[in-house]
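Residues per chain, in single letters:
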Amino acid sequence: MMLLMRYLRLLAWGLVYWLAITQSLDRHRNTELNNFLNEISGDKGGYLVYLPATFCYGFEARRFPAGVDKALGSGFTLNRATNVVETKYPYGVALLQAPFWAVAQALNADKSGFSTAVRKSIDVAGVSYLVAGLLLLAATLRRRFARPVVGLTLALLVLGTNLFYYGVVETGMSHVYSFFAFALLLWLLGRAHVAEWSQLAAGRGREVLAVAAALGLIAILRPFNLVLAAPLLLWPAQPTDDLAARLRGLLYWRTIGTVAGVVAVCWLPQMLYYHYAHGSYWVYSYGQEGFPYALAPRLAEVCFAPNNGAFLYNPLLLLVLGPGLWLLGRGRSWWWSGLAAGVWAVASYLYAAWWAYALGCSYGGRGFVELYPVLAWPLAALAENVLVRRRWLVGALCLALVAYNLRLTDHFYRCFYGKGDWDWPAYRELLNPPARPGT
C-alpha cells in the first residue's frame, strides 16, 4: 500500500510538471525574437546573456548578431566601440538556466544562443525550478504538518499568488529561481543541527557548507536577497530549539569563516565579469539606481496601489500575514511566526525605499515571490485550520481569493498601463476587460 501511495504521489507531481510546462509553452507560442513578450526580452535577456557571451562569442560584443540587444529590449548592451558585453544583472539565473540552454543549443541547428529552441528551454527551466522548489517546500513542511495540509498549502501558494505568474509566464525573470533557492535554504536548515555548528570536527562541516552554498546561490541570483536570507539562519528546525545555542553555533569563528568563504567563491565569477566590463572588481552595476525614498518609504504603494501593490494583486497574503501568522505562532512556534513577519517587513521597507518601488513591468509585488517558502509556514497553519478544525468559511474565502488571482493573472498583459500608481479605473479593467469586437 505504501509503495502504491508513493507511486501515485510521483505520478501526481509528474502530471503537475507536465501541465505547467505545456501551459508555459502555450503562453509563449507566438513570441518572436523582437516580441517583448518572449522569454528573454528586457531584463530576462540581461540575465541570460552570460551564456551566449561565454559559449558562443567569447565575450566579444562585435561577434554577436547585429542589433540583437535592441531586438531583445536592451536588457543588455553590446558596446561595439569597446567590444564589451554590458549587463547590470548578476550571473546566477544564467547559471541555473545553463543545463537547459545547453541542451537546446546542442539539439538545434541555430547556434546563435537566442534561438526559438533556447527560448523554449527557458520555459522548461522556469517550470523545473518552480516544481523543484515546491518539492523542497513540501518536504520541509511535512516535518510539521500532515500531508493533506501540505498539499492544500502548495495549491493555495501557486494558484493564489503571483508565484504561478513568475513560474509559468515570466520564466526568464530571477524570481522563480530565487524561490527555489530560498526553499533549498529552509530545507537545509530543517535538516541541519545549527546549534552544533561550532563542533565542526564532530561531522557538522558538510551542513555548514551546504547552507553556505545555498546562501551563495541566493546572493548570485539577487544580491539584495542576501539581506533577507541571513536572518533565516535563526529559523528553528524544532519548535523547542534553543535560540542562544543557535546563535553560538552561527557566531562561531569557523562557521562565519566557512559561510563567508563559500559565498565569496560563489561571487568570484561576478567580480571577474565586473573587472572585464568596468575595470574594477568592486562595482555597483545599477549605477544611479538607489534608495531615494529611504526616509519616506512608499509602503502604501508597495502594498495596495493598483500599480503592482502586493496585497491588491495577491489578497491571499492578507490572510497569510494576519490569521496565518497568529495561528502558526500559537500552534507551532512564535519564532517561525516572528521571523516570517520580520523578513516580510524588512523586504517591504527596502522595496518601498527603492527608486522604482513598483519594480517596473511586473505583476503584483514580484519582489516578494522569493519569500513564499517562508510565508508557506503561516499559510500551512491557515490550511490546517481549514482542514482539521473544519473552518469551511475560511476555506471558501481562500477559494474566492484564488479565483480572483487567477482572473487577474489571465488578463494581465506584462505591465500595468494606468496613469500613475493609483489609477483605479485601469485596475478595474484588468478584472473586467472591455469586450472585444465580435465577442
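Check the entry above for the structure.
Scope of this entry: the structure provided in the associated data block.

## Structural notes on the packing of helix 7 (residues 147-160) against helix 19 (residues 392-411)
Relative orientation of the contacting elements helix 7 and helix 19 amounts to 35°, with a least axis distance of 8 Å. Residues Leu-156, Leu-159 and Gly-160 of helix 7 form the contact with helix 19, whose own contacting residues are Cys-398, Val-402, Asn-405 and Leu-406.

## Focus on unusual backbone geometry
Even without being a glycine, Phe-59 presents a positive backbone phi close to 55°. Relative to the elements of secondary structure, Phe-59 occurs in the loop between helix 3 (50-55) and helix 4 (68-71). Positive phi values are uncommon outside glycine, yet Asn-83 reaches one of about 65°. With respect to the helices and strands, Asn-83 occurs in the loop between strand 1 (77-79) and strand 2 (84-86).

## Comments concerning helix 17 (residues 334-353)
For helix 17, built from 20 residues, the straight-helix expectation of 28 Å at 1.5 Å per residue is met to within 8% by its first-to-last C-alpha distance of 28 Å. Where helix 17 is concerned, the buried positions are Trp-336, Ser-337, Leu-339, Ala-340, Val-343, Trp-344, Ala-347, Ser-348, Leu-350, Tyr-351, Ala-352 and Ala-353.

## Describing the packing of aromatic side chains
Within the structure shown, the criterion is met by 36 aromatic pairs. Put simply, the rings of Tyr-165, Tyr-166, Tyr-313, Tyr-363, Phe-412, Trp-422, Trp-424 and Tyr-427 pair up and form one aromatic cluster.

## Thoughts on the packing of helix 5 (residues 92-107) against helix 10 (residues 205-221)
Here helix 5 crosses helix 10 at 110°, and the two axes come no closer than 6 Å. With respect to their mutual orientation, helix 5 and helix 10 come out roughly perpendicular. Together, Gly-92, Val-93, Leu-95 and Leu-96 of helix 5 and Leu-217, Ile-220 and Leu-221 of helix 10 make up the contact between the two elements. Its residues assigned to classes, the contact of helix 5 with helix 10 comprises 6 nonpolar, 1 polar and no charged.

## Points about the pattern of salt bridges
Per the stated rule, a full pass over the model turns up 7 salt bridges. Lys-120 serves as the salt-bridge partner of Glu-39, at 3.4 Å between the closest nitrogen and oxygen. Remark: Lys-120 occurs in helix 6 (residues 116-141) and Glu-39 occurs in the loop between helix 1 (2-27) and helix 2 (43-48); sequence separation between them is 81 residues. Just as Glu-39 is buried, Lys-120 falls in that class too. A salt bridge links Lys-88 to Glu-289, with the shortest nitrogen-to-oxygen separation between them at 2.9 Å. Residue Lys-88 is located in the loop between strand 2 and helix 5, and its partner Glu-289 is located in the loop between helix 13 (253-278) and helix 14 (299-304); the two are separated by 201 residues in the primary sequence. Among the residues examined, Glu-289 registers a relative accessible area of 18% and is labelled buried. Bridged by salt links that share partners, the residues Lys-44, Glu-170 and Arg-414 form one connected network.

Scoring rules and cut-offs
- Residues numbered from 1 in each chain as written.
- Predicted model: local features only at pLDDT ≥ 70, side-chain atom pairs only at ≥ 80, totals over all residues.
- Heavy atoms only, no water.
- Axes fitted to C-alpha atoms, helices over the stretch in contact; angles between N-to-C directions.
- Helix = DSSP H or I, 4+ residues; strand = E, 2+ residues; numbered from the N terminus.
- Contact = heavy atoms within 4.5 Å.
- Expected span 1.5 Å × (residues − 1).
- Buried < 20%, exposed > 50% of the residue type's maximum accessible area, 1.4 Å probe, protein only.
- Phe/Tyr/Trp six-rings, centres within 6.5 Å; stacked < 30°, edge-to-face > 60°.
- Parallel < 35°, antiparallel > 145°, perpendicular 65-115°, else oblique.
- Nonpolar A, V, L, I, M, F, W, Y, C, P; charged D, E, K, R; others polar.
- Salt bridge = Lys/Arg side-chain N within 4 Å of Asp/Glu carboxyl O.

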